[in-house]
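Structural characterization, general
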Amino acid sequence: MPQTVWTILALIRWADERFKKEGMATPRLDAEVLLAETLATDRVGLYTHFDQPLQPDELTRFKEFIRRRLRREPVAYILGRKEFWSLPLRVTPEVLIPRPETETLVAEALKILAPAEGKDFHILEIGTGSGAISVALATELPAATVVATDLSPKALAVAEENALRFGVRERIRLLHGDLFRPVEKGDGFDLIVTNPPYIPRGQFASLMPEVRDYEPKAALDGGKDGLDFFRRVLPAVDEYLRPGGWFLAEMGAGQDPQILKIAEKNADLDSFAFARDLGGIYRVFKARKKYQLDADEHG
Ligand code: SAM
Ligand code: GLN
């Protein structure tokens, strides 16, 4: 009696079909990545061994991955890692999975700071999650020091692991608490950077199940219109920046007019600008703390 031989190629095709039927976004890619993980190889390793059959224990492990993915668990949580800024970061369900859009935020920060690469910049990140932004900036700016905060102690533990993994732990201080609370005033940061929760609460139901059902709500929920974080942070941000220092925040599509309105209420900020992500939408808001000489009230 002929039995199905589960070769690498047969399994990729089978999983691809199953994922497609569920309407998942990247069925073939997910199938390959999960199979490569099962076999401790990479996707090229699969391509060069299409006819290789799996051992029973490998098949069991792969089926478990497929079962989890069919329940819409994100691939990054199944693997426990996600590449960001070319760094394979550790991620757990306690942290937001770093997004490609957030690389735009890192790139904009480096445009401001990198011209003086060897300088000992002082950076604050609010809501560091996996540590993606802070670790990327610390690896790019070898003399910079970073203060990274989060409300979630479990997220901070993941950020610490990533800082250690990429050799920047001694330049990143991890602090637990709400917004600026754990930070000292007058620290005079050159840059404050944040990817805050900015999804309007009403949009939660329509999010992809991967995001809605698996990612931490506290990382995504921006309140009624998504702008709660901006309303709390922007009035105070100048107290933590040095004159001429920058505030950079990731934002959601179409939030630019409202963010500008909130920012303009802070008389100590200027140079407002937005930067587009690779999809062409405004993704990063920028503001600068005025130099004393720029201030209207200066006599
Ligand atoms: N920086 C990471 C990234 O870009 O991938 C995570 C960003 S996630 C959108 C927002 C993070 O901010 C979460 O880790 C969340 O726990 C944290 N957070 C939310 N509200 C906060 C608050 N009021 N103070 C400090 N951190 C906060
Ligand atoms: N870009 C994320 C998403 O659309 C949102 C991240 C955030 O709120 N900062 O799922």
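We now turn to the structure provided with this report. Every chain is numbered independently, its residues counted from 1 as its sequence is written. Chain A is the first chain written and ligand 1 is the first ligand written, with later ones labelled in order. Per-residue local features of the predicted model are confined to residues with pLDDT of at least 70, and side-chain atom pairs are confined, for both listing and counting, to 80 or more; whole-chain, interface and lining totals are unaffected and use all residues. As a rule here, side-chain values come from all non-hydrogen atoms in the structure, and water together with hydrogens is ignored.

**Things to note about the site of ligand 1**
Nearness here has a simple test: a residue counts as near a molecule or strand if at least one of its heavy atoms is within 4 Å of that partner. Looking at ligand 1, there are 19 residues lining it, with Gly-127, Asp-150, Asp-178, Asn-195 and Ala-219 nearest. As used in this structure description, the phrase polar contact means that two N or O atoms lie within 3.5 Å; if the pair is within protein, one of them must be able to donate a hydrogen and the other to accept it, and residues adjacent in sequence are counted only when both atoms belong to side chains. One nitrogen or oxygen atom from the side chain of Asp-150 is found 2.6 Å from an oxygen atom belonging to ligand 1. A distance of 2.9 Å separates a nitrogen atom of ligand 1 from a polar backbone atom of Leu-179. Only the protein chains shown count as cover for residues, with accessible areas throughout obtained via the Shrake-Rupley method and a probe of 1.4 Å. Alone, ligand 1 offers 600 Å² of accessible surface; in the complex the protein occludes 94% of this. Partitioned by chemical class, the residues of the shell around ligand 1 number nine nonpolar, six polar and four charged. When residue character is reported, Ala, Val, Leu, Ile, Met, Phe, Trp, Tyr, Cys and Pro are called nonpolar, Asp, Glu, Lys and Arg charged, and the others, Gly included, polar.

**Quick word on unusual backbone geometry**
For Ala-40, which is not glycine, the phi torsion reads 50° and is therefore positive. A run of H or I in DSSP counts as a helix once it spans at least four residues, and a run of E counts as a strand once it spans at least two, with each numbered from the N terminus. For Ala-40, the position within the fold is in the loop between helix H2 (27–38) and helix H3 (43–47). Using a relative accessible area of 73% as the deciding quantity, one classes Ala-40 as exposed. Three exposure classes are used, based on accessible area relative to the maximum for each residue type with a 1.4 Å probe and protein chains only: buried under 20%, partly exposed in between, and exposed over 50%.

**Brief notes about the sheet that holds strand E7 (residues 241–250)**
A pair of strands counts as paired when DSSP detects no fewer than two bridges linking them. The mixed open sheet is built from seven strands, whose spatial order is E5-E4-E3-E6-E7-E9-E8. In this open sheet, the two edge strands, each paired with only one partner strand, are strand E5 (172–176) and strand E8 (269–276). On average, each strand axis in the sheet is tilted by 15° relative to the strand beside it, whichever way the strands run. Across four bridges, the pairing between strand E3 (residues 122–126) and strand E6 (residues 189–194) is parallel. Note that in E6 the partner of Leu-124 across the bridge is Ile-192. Lines fitted to C-alpha atoms define the axes, with helix axes restricted to the stretch in contact, and inter-axis angles between N-to-C directions lie between 0 and 180 degrees.

**A short note on H2**
When the terminal C-alpha atoms of H2 are compared, their 17 Å separation across 12 residues agrees well with the 16 Å that a helix rising 1.5 Å per residue should span. In this fold, the buried residues of H2 make contact with helix H1 (8–21), H3, helix H4 (56–70) and helix H5 (75–79). Given the number of residues in a helix, its expected span is that number minus one, multiplied by 1.5 Å. Note on contacts: a residue pair qualifies if any of its non-hydrogen atoms lie within 4.5 Å across the two residues.

**Some thoughts on the packing of H1 against H4**
Closest axis-to-axis distance for the H1/H4 pair is 11 Å, and the angle between their directions is 15°. Classified by the angle between their axes, H1 and H4 sit roughly parallel to one another. Between H1 and H4 the crossing geometry is right-handed. Together, Leu-11, Trp-14, Ala-15, Arg-18 and Phe-19 of H1 and Leu-59, Phe-62, Ile-66, Arg-69 and Leu-70 of H4 make up the contact between the two elements. Taken together, the residues of the contact of H1 with H4 sort by class into eight nonpolar, no polar and two charged. Here the word oblique covers every angle except those under 35 degrees (roughly parallel), over 145 (roughly antiparallel) and from 65 to 115 (roughly perpendicular). Working rule for handedness: look at the near helix, and if it is turned counterclockwise from the far one by less than a right angle, call the crossing left-handed; if clockwise, right-handed.

**Notes on the packing of aromatic side chains**
Two aromatic rings from Phe, Tyr or Trp, using only the six-membered ring of Trp, form a pair when their centres are within 6.5 Å; if the ring planes differ by under 30 degrees the pair is stacked, by over 60 it is edge-to-face, and anything between is tilted. Taken as a whole and judged by the stated rule, the model has seven aromatic pairs. Between Phe-272 and Phe-285, the aromatic rings sit 6.0 Å apart at their centres with planes inclined by 25°, giving stacked as the arrangement. Of this pair, Phe-272 sits in strand E8 while Phe-285 sits in strand E9 (residues 282–289), and the two are 13 residues apart along the sequence. We classify Phe-272 as partly exposed; its relative accessible area is 27%. Residue Phe-285 is classed as buried on the basis of its relative accessible area of 0%. Between the aromatic rings of Phe-274 and Phe-285, the centroid separation amounts to 5.3 Å while the plane-to-plane angle is 45°, which identifies the pairing as tilted. A residue pair is termed long-range when its members are at least 10 positions apart, and Phe-274 in strand E8 and Phe-285 in strand E9 qualify at 11 residues. The structure contains a cluster of three or more aromatic residues connected by ring pairs, namely Phe-247, Phe-272, Phe-274, Tyr-282 and Phe-285. The positively charged end of Lys-217 is found above the aromatic ring belonging to Phe-204, 4.9 Å away from the centroid. By the criterion adopted, a ring carries a charge over it if an Arg CZ or a Lys NZ lies within 6 Å of its centre and within 35 degrees of its normal.

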